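Residue-level structure breakdown
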Amino acid sequence: MNRYVKLVHMEVHRFRYVLFGMMLLTAIWQTIGVIYYAKVRMDGWREAARLGNYAPRPFSFADIIGDSQFWFALPILISITVLGLYIFLIWYRDWIGRDKFAYRMFALPTARSNIYLAKATAILLFVFSMVSFQLLLLLLERQLFNGIVPSDYRMSSLFSEAVAANRVFELPLLPLEGVRFVVYYGTGILAVFVLFTAILLERCYRWLGIVYAILYVAACGTAIGFAANLNPYGYFYPSEITAIRLGIYLVVMGVTLALGFRLVSKKITV
Amino acid sequence: MKRYAITLALVVFIAASLTTFYAYGADLHLPEYRLQTIEGDPVEAAALTLSGSYVGGKGSYSIKVSASGSERYEPSAWNQWMQNEGPLTSPMYSDFNALYEKHSGFMRGKVDTYSFYTDEDSLIFAKAAYTKGRDSLQDGTIRWSLDSLDLASGKQTHYWDEQQLEPASNAYAYVVDVQKAGAEVHVLTNVNRVNQTNEIIDKVFDTITGDPIRSIRLPLGEPSEPDRELQIMVLAEEKPTAANSRVLFLVREQRKNGMGTAATASDTAPAVFSEKLYEYQYASGEVKELPLVAGTEENNQVTSAVLSLEGETLIALQKMEESVTIDRFDLSAGLAQPQVTIKTSQLSEKTISQAQVANGRVYLLLQADDYFKNHSMPIAIVADATDGRILYKGTPALVKANGRPDDQLDDVWLSNMLVLR
């Protein structure tokens, strides 16, 4: 356990500057978006008041989040891309470079499955750190909004409304229903493990391993796709469909972990 | 420990923020509403649900309001995927839930609403499918398959039959009603062909042996001109699983699609030349024409009309802006009952936005003309279909603000009505 924690920390430590860089980029980009769109709304308010044609409706923080879709989505998409690439790089960086770090890593006096799990844990920590940072940032941005927009123009909104106002938050990133969060991120966690095992297939069998890896990812995708597409108006009842989905998820996860552990313990070469 | 400060901080940060968000921050705090009785018997509103949107604050959320409270529902892809109860919860028909619960093995994979029949002895499911031959212009076959469950013994039987049909390049068949008459089970099937009059076939099987007995093409008339077609609307028993010895057809002769001289989009509805109502008796095989029942008051423009068969009574409901008329025809006696009219002047100053007839009742939804502007709540009315007597009058009312500011509490637009049969 101690070795596993140390390995996780090592991976976090190696990525810390990139992680903080992504957080900084997100904070700067989104703050500019909030300030810009609050100013646009305030100018519109003042112009309407000057012309005196109609009394404009006050606007809320959720309105601003709704206005600035692109400004919020862009740093998030950049972060998703970086983390997606790092799923591969977290392994390949140990082979690539002047001195192969993989030599030392696989010589550590610990079960090699700990290396596999530590890398996966690190990726998940980065993902959830970014999600949590986004939540914190939204709170800070709301304070900023309250600070720059005079109270005459302002109306209150719920935090959940601000989250729901942005398509990137509402659909994949921060769904308001806890069950949806579990399903989305559960599938994401499985995808990370499947990709790790695919990478190890390539590392173990090289060119032939690429074929194995593609076939393995396709097989897992087919199993999950089959589970996702079970129709409640078909042969199975809804409770059975839930059980089948859970069963397929656990089987794919179990096979992926077992294969990954076996490859990293018995087959891997440096 | 100090060495692991970054990792530890990240773990604590993640746990704290996600837990706090899902415990306190993710709730939309939608206000709760309930259909409350203004006058009459609240039991009459048990089958009634109003649906619409809550638009307070940012965004719009679909909600349903009934006498038991309100709930948010989201017709999203997510709900289709994750929360869809499939055929287990029918918003239209109450008896299906019990059938799926009681006979889950037999009901597995059977979802077509109008394909069921049940009585105290048996539960029957019928299916019809049209299959093209190798040369689709030369041959096509319709195949019926039936599953029958003996409720006393639990024995299941399966039987089927096939029949060649006239060639058609594009056709499909489906069951519109299943009924039992003595030892025969009748599977009423609609065969649709593109640009042709649809055909109604009564396929009859022996309930004991499962042997096909006969197949009858119902004589519902022919178009009088080559550029015309018949549109046949089936009026089967309102409750799909219930027994009824007859079925009705509203046959409309109209110009074929694309053969008119439409100048504008509003003229594209095909011209209707005649309308006839037929009754078909399953036991005798007799088809006879019935008088068209509905008539409206003068100077009142009908905005929608509904025909419904409940047992031995044909009910015609016609909705105008400020009144509805209900015409009832006793099919066994062949007698038209006196017309019943319900006017909004009896009820409130609102107009009728929706009207439905079901369960021997007339359900009305009344809205103020400018309700979108003033956010006024609709009024739901339940009246006796036989005499128009008002049995229930209710309106959605706020039960719990749930932390929403006062100015958002009436931001609810309920414009649809759902009645459970």
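Residues numbered from 1 in each chain as written. Chains lettered and ligands numbered in written order. Predicted model: local features only at pLDDT ≥ 70, side-chain atom pairs only at ≥ 80, totals over all residues. Heavy atoms only, no water.

1. Quick look at the overall build of chain B
Counting its regular elements, chain B contains 5 helices and 26 strands. Counting every position in chain B, which comprises 421 residues, the buried fraction comes to 46%. The long-range share in chain B, meaning contacts at least 24 apart out of those at least 6 apart in sequence, stands at 52%. Total accessible area on chain B stands at roughly 20,400 Å², and carbon and sulfur atoms take up 49% of it. (Helix = DSSP H or I, 4+ residues; strand = E, 2+ residues; numbered from the N terminus. Buried < 20%, exposed > 50% of the residue type's maximum accessible area, 1.4 Å probe, protein only. Contact = heavy atoms within 4.5 Å. Areas by Shrake-Rupley, 256 points an atom, 1.4 Å probe, with all protein chains shown as cover.)

2. Regarding the interface of chain B and chain A
Residue-level contacts link 40 residues of chain B with 48 residues of chain A. Both sides together, the interface formed by chain B and chain A hides about 3,800 Å², and carbon and sulfur atoms give 67% of it. One salt bridge connects Arg404(B) with Glu161(A), and the closest N-O pair in it is separated by 2.7 Å. Across the contact surface, chain B and chain A share 11 residue pairs in polar contact (both at pLDDT 80 or more). Sorting the residues of the side of chain B that touches chain A by element identifies α1 (5-25), α2 (77-83) and α4 (104-107) of chain B as the ones contributing at least two each. Tallying contributions element by element places α1(B) first for the side of chain B that touches chain A, with 11 residues. Its residues assigned to classes, the side of chain B that touches chain A shows 20 nonpolar, 13 polar and 7 charged. (Buried area = accessible area lost by both parts, 1.4 Å probe. Salt bridge = Lys/Arg side-chain N within 4 Å of Asp/Glu carboxyl O. Polar contact = N/O pair within 3.5 Å; in protein donor to acceptor, adjacent residues only side chain to side chain. Nonpolar A, V, L, I, M, F, W, Y, C, P; charged D, E, K, R; others polar.)

3. With respect to the packing of helix α5 (residues 112-148) of chain A against helix α8 (residues 178-228) of chain A
Describing two packed helices takes the angle between their axes plus the distance from one axis to the other. Residue and element names in this part refer to chain A. Viewed as axis vectors pointing N to C, α5 and α8 meet at an angle of 145°, and their least axial separation amounts to 11 Å. Crossing hand, α5 versus α8: right-handed. On the side of α5, the interface is formed by Tyr116, Leu117, Lys119, Ala120, Ile123, Leu124, Val127, Phe128 and Val131, while α8 contributes Phe181, Tyr185, Ile189, Val192, Phe193, Phe196, Thr197 and Leu200. Looking at the contact of α5 with α8 residue by residue, the classes come out as 15 nonpolar, 1 polar and 1 charged. (Axes fitted to C-alpha atoms, helices over the stretch in contact; angles between N-to-C directions. Left-handed = near helix turned anticlockwise from the far one by under 90°.)

4. Section: the pairing of strand β4 (residues 69-72) of chain B
Residues and elements named next belong to chain B. The sheet contact formed by strand β3 (residues 61-66) and β4 spans 4 bridges and is antiparallel. Residue isoleucine 63 lies in a different strand from β4, and its bridge partner there is arginine 72. Where β3 folds back onto β4 in an antiparallel hairpin, the turn is made up of 2 residues. (Pairing = 2+ DSSP bridges.)

5. Looking at the sheet that holds β4(B)
Residue and element names in this part refer to chain B. Ordered in space as β4-β3-β2-β26, the 4 strands form an open sheet in which the pairing is antiparallel. Single-partner strands in this sheet number two, and they are β4 and β26 (412-419). Neighbouring strand axes in the sheet, compared pairwise and without regard to direction, differ in orientation by 25° on average.

6. Digging into the sheet that holds strand β6 (residues 122-132) of chain B
Residue and element names in this part refer to chain B. Read from one edge of the open sheet, 4 strands run β5-β6-β7-β8, paired in antiparallel fashion. The strands lining the two open edges of the sheet, one partner per strand, are β5 (116-118) and β8 (156-165). Across this sheet, the average inter-strand angle for adjacent strands is 15°, counted without regard to direction.

7. Some thoughts on the pattern of salt bridges
On inspection of all chains with the given rule, the structure shows 27 salt bridges over all chains. In this structure, Asp147(B) engages Lys110(B) in a salt bridge whose closest nitrogen and oxygen atoms are separated by 3.8 Å. Linking Asp147(B) in strand β7 (residues 140-150) with Lys110(B) in the loop between α4 and β5, this pair joins segments that are 37 residues apart in sequence. Assigned by exposure class, Asp147(B) and Lys110(B) land together as buried. Across the salt bridge formed by Lys180(B) and Asp119(B), the nearest N and O atoms sit 3.5 Å from each other. Taken together, the residues Lys180(B) in strand β9 (residues 171-181) and Asp119(B) in the loop between β5 and β6 connect sequence positions 61 residues apart. With relative accessibility at 24%, the residue Lys180(B) sits in the partly exposed group. Because the salt bridges share partners, they merge into one network encompassing Glu11(A), Arg14(A), Asp94(A) and Lys119(A).

8. Remarks on α8(A)
Helix length check: α8(A) (51 residues) gives 18 Å between terminal C-alpha atoms against 75 Å at 1.5 Å per residue, more than 12% under. Most pronounced at Arg206(A), the bend in α8(A) amounts to some 145°. (Expected span 1.5 Å × (residues − 1). Bend = angle between axes of the 7 residues up to and from the residue.)

9. Quick word on the side chain of Thr7(B)
Considering the arrangement of structural elements, one finds Thr7(B) in helix α1. Those residues within four positions of Thr7(B) in sequence are excluded, and the remaining contacts are Val8(A), His9(A), Val12(A) and Leu125(A).

10. Here's the deal with the pairing of strand β17 (residues 304-310) of chain B
When β17(B) meets strand β18 (residues 313-319) of chain B, the two strands line up antiparallel, connected through 7 bridges. Opposite Ala305(B), over in β18(B), you have Gln318(B) as the bridge partner.

11. Examining the side chain of Asp384(B)
By secondary structure assignment, the location of Asp384(B) is in strand β24 (residues 379-384). Setting aside anything within four residues of it in sequence, one finds Asp384(B) in contact with Gly360(B), Arg361(B), Arg389(B) and Leu391(B).

12. What to know about the packing of α8(A) against helix α9 (residues 238-267) of chain A
Residue and element names in this part refer to chain A. Where α8 meets α9, the axes come as close as 8 Å, and the angle between the chain directions of the two elements is 165°. By the angle class used here, α8 and α9 are roughly antiparallel. The two elements α8 and α9 meet at a crossing, and its hand is left-handed. (Parallel < 35°, antiparallel > 145°, perpendicular 65-115°, else oblique.)

13. Considering the domain arrangement of chain B
A common way to state how big an interface is: give the accessible area lost once the parts meet. All names here are of chain B. According to the domain assignment, chain B contains domain 1 (28-89 + 303-421) and domain 2 (94-240 + 246-281). Contact residues are listed per partner, giving 16 residues for domain 1 and 14 residues for domain 2. Summed over both sides, the interface of domain 1 with domain 2 buries roughly 1,300 Å², with 62% coming from carbon and sulfur. If you look at where domain 1 meets domain 2, you find 1 salt bridge. (Domains from an automatic or database assignment.)

14. What to know about the state of the cysteines
Residue and element names in this part refer to chain A. According to the stated counting rule, one finds 0 disulfides over all chains in the structure shown. The cysteine cysteine 204 is free of any disulfide, with cysteine 220 supplying the nearest cysteine sulfur at 16 Å. You can call cysteine 220 buried: its relative accessible area is 8%. (Disulfide = S-S within 2.5 Å.)

15. Overview of the environment of Ile87(A)
All names here are of chain A. Position of isoleucine 87 relative to the elements: it lies in helix α3 (residues 69-92). Note: C-alpha distance between isoleucine 87 and proline 56 (31 residues apart in sequence) is 49 Å. Ignoring anything within four residues of it in the chain, the contact list for isoleucine 87 reads Ile123, Val192, Leu195, Phe196 and Ile199.

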